[in-house]
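# Observations on the three-dimensional arrangement
Below are the chains, spelled out letter by letter.
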Amino acid sequence: MELRKNGLKHLTLEELWQLFPIYLTPHNPQWTEWANEEIYELSAILSEYTPTINHIGSTAIPSIQAKPIIDILVEIAPDTDWQCVKAAMEAAGYICMYSSETRMSFNKGYTPEGYAERVFHIHFHAIGDNDEIRFRDYLNENPTIAREYESLKLSLLQQYRNNRDGYTEAKSDFVKTIVDLAT
């Protein structure tokens, strides 16, 4: 886990999950403002790649509680030199968490003392690989379904508070069902 490059390299994955537990908070209107500011910064960093950038995830759904981590999806052309994009993001201070031929993810706002005030997960996909946008839009258009998603997340907190992978996996069937409905 490359998060360890940020002064956290001596920690095990379990220790990282203890330092950065999952918790949900009521919607914070500042999240949209912070997302827009981050999108502006990303647009400048990535200008030569003409990205499409969107605020995604639960912080983009005002009617539900969310982890106070702002997710942003950056879509770039599949034939882009992804290693150059990765280098540009790292040079700008983002921490690469995952990198493959078609996807990358970066974090910002994790410190040895815990979460910073603003925490971001930046997801890179090829243009058109954007189920997260369909999911966000469907939940914003269907408040009852959004509340069901919120209830699911709340029900998973105790079991997965210190296990992000388990938490994400436990939500995956619900997310897939909604994405299928939204398509």
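Whatever comes next refers back to the structure up there.
Keep in mind the model is a prediction, meaning the values are calculated, not measured.

### Focus on the overall build of the protein chain
The secondary structure content of the protein chain amounts to six helices and five strands. The C-alpha atoms of the protein chain give a radius of gyration of 16 Å, which matches the 16 Å a tight globule of 183 residues would have. Taken over the C-alpha atoms alone, the protein chain extends approximately 40 × 40 × 30 Å along its principal axes. Put simply, the protein chain has 183 residues, and 43% of those count as buried. For the protein chain, the share of sequence-separated contacts (at least 6 apart) that also reach a separation of at least 24 residues comes to 63%. Of the roughly 9400 Å² of accessible surface on the protein chain, a fraction of 51% belongs to carbon and sulfur atoms.

### Quick notes on the layout of surface pockets
Estimates place the volume of the largest pocket at around 1400 Å³. Lining the largest pocket are 40 residues, and of these K67, D71, H121, H123 and T168 lie nearest its centre. A per-element tally of the lining of the largest pocket places helix 6 (residues 164-182) first, with nine residues. Here the residues of the lining of the largest pocket are counted per class, giving 20 nonpolar, ten polar and ten charged.

### Let's talk about the packing of aromatic side chains
Using the criterion set out here, one finds seven aromatic pairs in the structure. What links up through ring pairs into an aromatic cluster is the set F20, Y23, Y110 and Y115.

### Topic: the packing of helix 4 (residues 131-141) against helix 6
Two elements in contact, helix 4 and helix 6, have axes separated by 9 Å at closest approach and are oriented at 85°. When the axes of helix 4 and helix 6 are compared, the pair comes out roughly perpendicular. In contact with D131, R134, F135, Y138 and L139 of helix 4, helix 6 contributes F174, V175, I178, V179, L181 and A182. A breakdown of the residues in the contact of helix 4 with helix 6 according to their chemical character gives nine nonpolar, no polar and two charged.

### Focus on the packing of helix 5 (residues 143-160) against helix 6
Running from N to C, helix 5 and helix 6 point in directions that differ by 160°, and their axes come no closer than 10 Å. In terms of their interaxial angle, helix 5 and helix 6 are classed as roughly antiparallel. Crossing hand, helix 5 versus helix 6: right-handed. Each of I145, E148, Y149, L152, K153, L156, L157 and Y160 in helix 5 lies in contact with helix 6, whose residues at this interface are R164, G166, Y167, A170, K171, F174, V175 and I178.

### Points about the pattern of salt bridges
What the rule picks out here adds up to eight salt bridges. A salt bridge links K176 to D180; the shortest N-O distance between them is 2.9 Å. In this pair, K176 and D180 are both assigned in helix 6, four residues apart and thus about one turn of the helix distant. Relative accessible area serves as the criterion here: at 52%, K176 is assigned to the exposed category. Here the salt bridges share partners, and the residues they tie into one network are E38, E41 and K108.

Here is what the cut-offs are and how they apply
- Residues numbered from 1 in each chain as written.
- Predicted model: local features only at pLDDT ≥ 70, side-chain atom pairs only at ≥ 80, totals over all residues.
- Heavy atoms only, no water.
- Helix = DSSP H or I, 4+ residues; strand = E, 2+ residues; numbered from the N terminus.
- Rg over C-alpha atoms; globule rule 2.2 N^0.38 Å.
- Buried < 20%, exposed > 50% of the residue type's maximum accessible area, 1.4 Å probe, protein only.
- Contact = heavy atoms within 4.5 Å.
- Areas by Shrake-Rupley, 256 points an atom, 1.4 Å probe, with all protein chains shown as cover.
- 1 Å grid on protein atoms, 1.4 Å probe; cavity = no way out; pocket = protein on both sides within 12 Å on 5 of 7 lines; lining within 4 Å.
- Points joined across faces, edges and corners; volume = space filled by probe spheres on them.
- Nonpolar A, V, L, I, M, F, W, Y, C, P; charged D, E, K, R; others polar.
- Phe/Tyr/Trp six-rings, centres within 6.5 Å; stacked < 30°, edge-to-face > 60°.
- Axes fitted to C-alpha atoms, helices over the stretch in contact; angles between N-to-C directions.
- Parallel < 35°, antiparallel > 145°, perpendicular 65-115°, else oblique.
- Left-handed = near helix turned anticlockwise from the far one by under 90°.
- Salt bridge = Lys/Arg side-chain N within 4 Å of Asp/Glu carboxyl O.

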